[in-house]
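Notes for the structure review
So the chains spell out like this:
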Amino acid sequence: MAFLEWRKFNFFDLKPNVDKERVAELFKDYDVVVATSGNNHIVLGDSVGQIYLISRAWEVTMFRGYELRITLAQQLRNSPLLITIGEDEPGVNPLIKVWDTSRDKNGMPHCCRITRAIPGNRPVVATALCVHEGLQLMTVGFSDGSLVLYRGEVTRDRGSKQKLLRDASSTVTGLAFKTTAAAVLLFVATDSSVFVYNVTHKDREQRSNLDTIGCAKKCSILAESIQESHFMVGRNDAIYCYTTDGRGPCFAVDGEKVMLEWFRSYLIIISTTNRPTTQNVLTNVTQNTIRGHSITILDIQNKFIVFSAIVDKVKAVLIEWGGLYLLDYNNNMYHLDEKDLQSKLSLLFKKNLYDVSIRIAKSQQYDADGLVDIFRQYGDHLYAKGDYWGAIEQYTKTIGRLEPSYIIRKFLDSQHIEKLTSYLQAVHKQAQATEDHTTLLLNCFTKLNKPENLKEFILLKDRDLDFDVEIAIKVCRQASPHEALMLAKKHNKHDWYIKILIKDYEKYKEVLDYISELGFEDAEMYMKKYGHILIKNAPYESTQFLKRLCTDYGSNKSILSENFSNGGLELTQKADPEDFIHLFLSNSECLVEFLEHLIAKGCILSTPVYDTLLEHYLHVRSALDTVAEKNKLGQKVLKLLQNSDVKYDKAQALVVCHMHGFSEGVLYLYEEEKLYQQILRYHISRDDMSSVLACCRRFGHQEPTLWVQALWSCIRESKGASMDLLPEVLNIIAKERLLTPQLVIEAIGTAKSDITLGHIRSYIVNELIKENEITKNDTELTNKYRSDTDKLKQQLETLRNGVNVIQGSRCAACHHQLELPSLHFLCQHSYHQHCFQSFADNENECPACVPQNKNLLELLKAQEYNKDLHETFHSQLEKVNDGFSLAAEYFGRGVFKKVTVITDSPTSNGSSKYDQLEMKKPQTKPTKPEYPTYGPGAEARLRQAENARTGGTSLITVPEGRMRMHEHQQSATIESNKKFNVDITEKAFKHEVGKNPFEPEYDESLNPFAEDDLDDTNPFEDDYDKNLNPFSS
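Note on numbering: residues in each chain are counted from 1, in written sequence order. Owing to the predicted nature of the model, reporting of local features is limited to residues with pLDDT of at least 70; listing and counting of side-chain atom pairs is limited to 80 or more, with chain, interface and lining totals taken over all residues. Excluding hydrogens and water, the side-chain values take into account all heavy atoms of the structure.

The chain has the name Vacuolar protein sorting-associated protein 11 homolog in an unreviewed UniProt entry, where Ignelater luminosus is given as its organism.

Structure follows, in structure tokens:
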């Protein structure tokens, strides 16, 4: 494409004096000879070897790089390294210096490396420099055509290897590294040729010649675009592009090229021109005095000229901070500011250049919504011009983003139906169609009278599915159910196929045949969905299919293939019968047939399935007319109930049997659940007294209360059969002591029955005889206990208040004569002290009486333990036949009594500390009681007053817990096993506190045998042993 045919736009704004003339002030006395940029700053070098680092705020850092001059420089884009070539000595002696601008040393960047750039030890001027971004490759070109490649770390001289790649006569004018996935390439441009080196492998560099025509200095650049990278060379006639394979496309741009640069996706061309610059026109300077440069910016991808202008001679083009800067020979800095995308598009929209705007938007990765808006505007523009097909083409590109109704409304006119059809087909191809779109498209086919197009659209000839099949079926069903049925079958829309057959054609058997050809999962799903309709209209066929589905299902199409693939072994799948039971609610016969088949096949059914079978068995039984058929089916139901392998819900089965009046099942379930009371009531409700008596005889030993229930039924009925039953019932009640005679007589007396005294005379006489015998036995036993109690009281009184004479003269252990020291017990056993110490396990108990005392203590503890077992009492009371006897036994243990303690006078010295605490109450003179001598508690109050008058014992109520503790403390005394020493008489008198005539004058401190603690001043305290004291208690 010729350069002059390219469209021209102005997408850049030229802004002068962006640095506020700071660069011009810096270089008043010197010229800028080197310019580069990268790593967030611009680098300039003057003619005397000084280097300037300029930041974005146009702040300058200056340092001296070389003593004489600087000739080349390159600032890496993404690294702080600056590589320069210059001279420190007169003559031709170029030095390569590597500066680290991030490290400050004495006010200047740190110099990492200094290397001489001399090819083959010949002093030659360096003309080109290129450093790879990987910092491992660097190449320098010279004026004699030499090319030196440096391998190794750029910042280190040690380890770096250099190699002379070329030795010729043409000057090197441009260098560029290009990195691909497989190789690293070095493009070289001279004034007479262009070639490329493959420098991937060390010492194996390969050269390829690309062209025999070269270019001037600064007229080559590596253009890195999205599609492909080209090495561009500018000559006077055109711009040539090169790849590793040779010359590529070229762009005919006339003019003497001064400089090439690449910015984003644009190629910047600086060339000479004879036309006056903008400033020359403004200042009326003649054309012959000053020649400027022409700057042209090309969009190579879209073939646009995006900017062109005539400016003063350009010394350098700098790309930094996301912008494009120009430095002219007067050291003025310009900024070429690119317009934003919206401004570009607005400019193009004003000129109706929608195709151009689309290309620009795509090249700059414009978002999808923005592109759709451009397509819409372009389509509206074409629609307004009358290019309807062109508009449809643009509208088609908006599918998925733009609402289709916007386009459909424009083409609803009958003359645009064909265009609308084309658009709707495109909507379907992109899977954006709705039900309304499919409906509209099918109607368009109908109006166009093109049935072949409609059929082609439905049958998808030579294309993939591009519409919603279900919507198409729904639309076609309204006009032609046959086509809808064909479409559903073609696309395996089983649901629609079955629905059309059922509702439109009512072909239920064909539906079953179709379902039987489906896979197991589909067949199960559609039988769940349509089974109730199929069973209602084709019960036999549906039942047969469900039998196969729940036992050994295999589709008709897949049976042969499965048999073949599995070596003749058929793979079967089974559905859950419980999922289909609800389908048979209106057809009990079919349900019974279905479930019986499952049981016959040995299927393991769940409890709800068996419950349902039982219920529908009874439904069918109730509908039968003849008794024989009912009995036959009743036996089948009873066998089902009696089958131990059948897991049914007995409670639900009982309810169902009651509802349908199946007495055999009711009685069996009652017996299984041990509901004997319910069996009896069932017979009573049916007035079957013989069955009542048989029930009591059969189950009375397990539940005796059945006889009581039978008695109440006899009392209520009072019929002939009941009267015959009464004697045996009363006999069993009396024998098992189920009711007291009083309750029996009261029940008969209060009930309005025809039972007379003659009917129960024998029962009453027998009960009176038994009661007399029991009373006589209880009286004899009471007298015996009373006499035993009196004897025990006498012995206790003797022990407490009497004098016990110890007459034993022999030791109970060794049977020798007693000698002092000796021990005596109230049980009339005496021991030598050494014998007692040898035989006794406890110093407070008599060894001879230990076994007997131990048994008595265990008996007392057992009684105390049983006394508090209230839960045991209640549980025994519920089980025992004679509750009165059990209550009397616990009453004798003191369960129902308020615990009292009979104590001596509070002045008793022999009482325990607990007794003293309980007895510390002031004694008052007895007065006449001021309380009534009648009513509840009268006798207790009289006894208390009587004790107060006589000065005898007093009754003090204490908590039961304390009473138990006190009983344990005094148990040894109660059992007569207290040990005492030789001075037993004195200790006995201490118990008779009330009879001591010297009590008021008694002084415990004067008693030499008192049990006080030893005084601290006692000289024998350390040697004292209480066990050796014969008088110690």
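A helix here means a DSSP run of H or I that spans at least four residues, while a strand means a run of E at least two residues long, and both kinds are numbered starting from the N terminus. If you tally the helices and strands in the chain, you get 37 helices and 34 strands. Whether a residue is buried, partly exposed or exposed follows from its accessible area with a 1.4 Å probe, protein chains only, as a fraction of its type maximum: under 20%, in between, or over 50%, in that order. When each of the 1033 residues of the chain is scored for burial, the buried share is 42%. Excluding contacts between residues fewer than 6 apart, the proportion of contacts in the chain whose partners are at least 24 apart in sequence is 48%. Surface exposure of the chain reaches about 58,700 Å², of which carbon and sulfur atoms provide 50%. Any two residues whose heavy atoms approach within 4.5 Å at even a single point are treated as in contact. Each accessible area is a Shrake-Rupley result for a 1.4 Å probe, and residues are judged covered by the shown protein chains and nothing else.

The next subject is the packing of helix 3 (residues 341–350) against helix 4 (residues 354–363). To define axes, lines are fitted to C-alpha atoms, for helices over the stretch in contact only, and angles between the resulting N-to-C directions are given on a 0 to 180 degree scale. The geometry of helix 3 relative to helix 4 is characterised by a closest axis approach of 8 Å and an angle of 165° between their N-to-C directions. Relative to helix 4, the element helix 3 lies roughly antiparallel. For the pair helix 3 and helix 4, the sense of crossing is right-handed. Between helix 3 and helix 4, the contacting residues are Leu341, Leu345, Leu348 and Phe349 on the first element and Tyr354, Val356, Ser357 and Ile360 on the second. Throughout this entry, Asp, Glu, Lys and Arg are counted as charged residues, while Ala, Val, Leu, Ile, Met, Phe, Trp, Tyr, Cys and Pro are counted as nonpolar. The remaining residues, Gly among them, count as polar. In the contact of helix 3 with helix 4, the residues fall into seven nonpolar, one polar and no charged. Roughly parallel means an angle under 35 degrees; roughly antiparallel, over 145; roughly perpendicular, 65 to 115; everything else is oblique. For a crossing to be left-handed, the near helix must be turned anticlockwise from the far one by less than a right angle; the clockwise case is right-handed.

Right, let's get into the UniProt feature "domain: RING-type" (unreviewed entry) in the chain. Here the UniProt feature "domain: RING-type" (unreviewed entry) sits at residues 811–849. End C-alpha atoms of residues 811–849 are separated by 14 Å, and the span's content is 18% helix alongside 18% strand. UniProt positions are given in the numbering used here, feature names are shortened, and annotations may be inferred rather than shown by experiment.

One open sheet holds the four strands; their spatial order is 2-29-28-27, and the pairing between them is antiparallel. The open sheet has two edge strands with one neighbour each: strand 2 (12–16) and strand 27 (314–320). Geometrically, the sheet is characterised by an average inter-axis angle of 25° between neighbouring strands, direction not taken into account. Strand pairing is assigned whenever DSSP identifies at least 2 bridges connecting the two strands. Where strand 28 (residues 323–328) meets strand 29 (residues 333–338), four bridges bridge the pair, whose relative direction is antiparallel. Opposite Leu327, over in strand 29, you have Met333 as the bridge partner.

Relative to the helices and strands, Gln206 is located in strand 18 (residues 206–211). On a C-alpha basis, the gap between Gln206 and Val196 in space is 8.2 Å, while along the polypeptide they are 10 residues apart.

Glancing now at the sheet that holds strand 15 (residues 172–179). On the basis of which strands lie adjacent, the open sheet formed by four strands has the order 15-16-17-18 and antiparallel pairing. Each edge of the open sheet is held by one strand with a lone partner, namely strand 15 and strand 18. In this sheet, adjacent strand axes meet at a mean angle of 20° when their direction is disregarded.

Okay, the pattern of salt bridges next. Put simply, a salt bridge is a Lys or Arg side-chain nitrogen that is within 4 Å of an Asp or Glu carboxyl oxygen. Tallied over the entire structure, the rule returns 25 salt bridges. Across the pair Arg122 and Asp144 runs a salt bridge whose closest N-O atoms are separated by 3.0 Å. Of this pair, Arg122 sits in the loop between strand 10 (108–116) and strand 11 (126–131) while Asp144 sits in the loop between strand 12 (137–142) and strand 13 (147–151); the two residues are 22 residues apart in sequence, bridging distant segments of the chain. Classification of Arg122 as partly exposed rests on a relative accessible area of 29%. A salt bridge links Arg151 to Glu205; the shortest N-O distance between them is 2.9 Å. With Arg151 in strand 13 and Glu205 in the loop between strand 17 (194–198) and strand 18, this residue pair connects regions lying 54 residues apart in the sequence. The burial state of Arg151 is the same as that of Glu205; both residues are buried. Several salt bridges converge on common partners, so that one network encompasses Asp373, Arg376, Asp380 and Lys410.

A word on helix 14 (residues 508–516). Of the positions making up helix 14, those classed as buried are Tyr508, Val511, Leu512, Tyr514, Ile515 and Ser516. Summarising the contacts, the buried residues of helix 14 are in contact with helix 13 (494–505), helix 15 (520–537) and helix 16 (539–551).

Here the focus is the side chain of His824. Its place among the elements puts His824 in strand 30 (residues 822–825). The class of His824 is buried, set by a relative accessible area of 14%. Any pair of N or O atoms that falls within 3.5 Å is considered a polar contact. Within protein, one atom must be able to donate a hydrogen and the other to accept it, and sequence-neighbouring residues count only if both atoms are side-chain atoms. Separated by 2.8 Å, the side chains of His824 and Ser830 make a polar contact.

Glancing now at the packing of aromatic side chains. For Phe, Tyr and Trp, rings pair up if their centres lie within 6.5 Å, where Trp contributes its six-membered ring, and each pair is then called stacked (planes under 30 degrees apart), edge-to-face (over 60) or tilted (otherwise). Applying the stated criterion to the full structure yields 23 aromatic pairs. With a centroid separation of 5.6 Å and 85° between ring planes, the pair formed by Phe9 and Phe304 is classed as edge-to-face. Here Phe9, found in the loop between strand 1 (7–8) and strand 2, pairs with Phe304, found in strand 26 (residues 304–311); they are 295 residues apart in sequence, far enough to count as distant. For Phe9, a relative accessible area of 8% translates into the label buried. Assessed through its relative accessible area of 2%, Phe304 is described here as buried. With a centroid separation of 6.5 Å and an interplanar angle of 85°, the aromatic rings of Tyr395 and Tyr406 are classed as edge-to-face.

Let us look at the nonpolar core. If you look at the biggest cluster of nonpolar residues, it comprises 163 residues, and the most contacted ones within it are Leu549 and Leu641. With residues near it in sequence (within four places) discarded, Leu549 still touches Phe520, Ala523, Glu524, Met527, Gln573, Lys574, Ala575 and Phe580. Residues Ile85, Ala117, Ala126 and Val154 belong to the second largest nonpolar core, which totals 19 residues. Among the buried residues, those of types Ala, Val, Leu, Ile, Met, Phe, Trp, Tyr and Cys that are joined through side-chain atoms within 4.5 Å form a nonpolar core.

What follows deals with helix 8 (residues 417–429). Here the expected length of a helix is defined as 1.5 Å per residue gap, with one fewer gap than residues. Across its 13 residues, helix 8 extends 18 Å between first and last C-alpha, which sits within 8% of the 18 Å expected from 1.5 Å per residue. The set of residues buried in helix 8 consists of Ile417, Lys419, Leu420, Thr421, Tyr423, Leu424, Ala426, Val427 and His428. Ala431 sits one or two positions beyond helix 8 and adopts a positive phi of about 60°.

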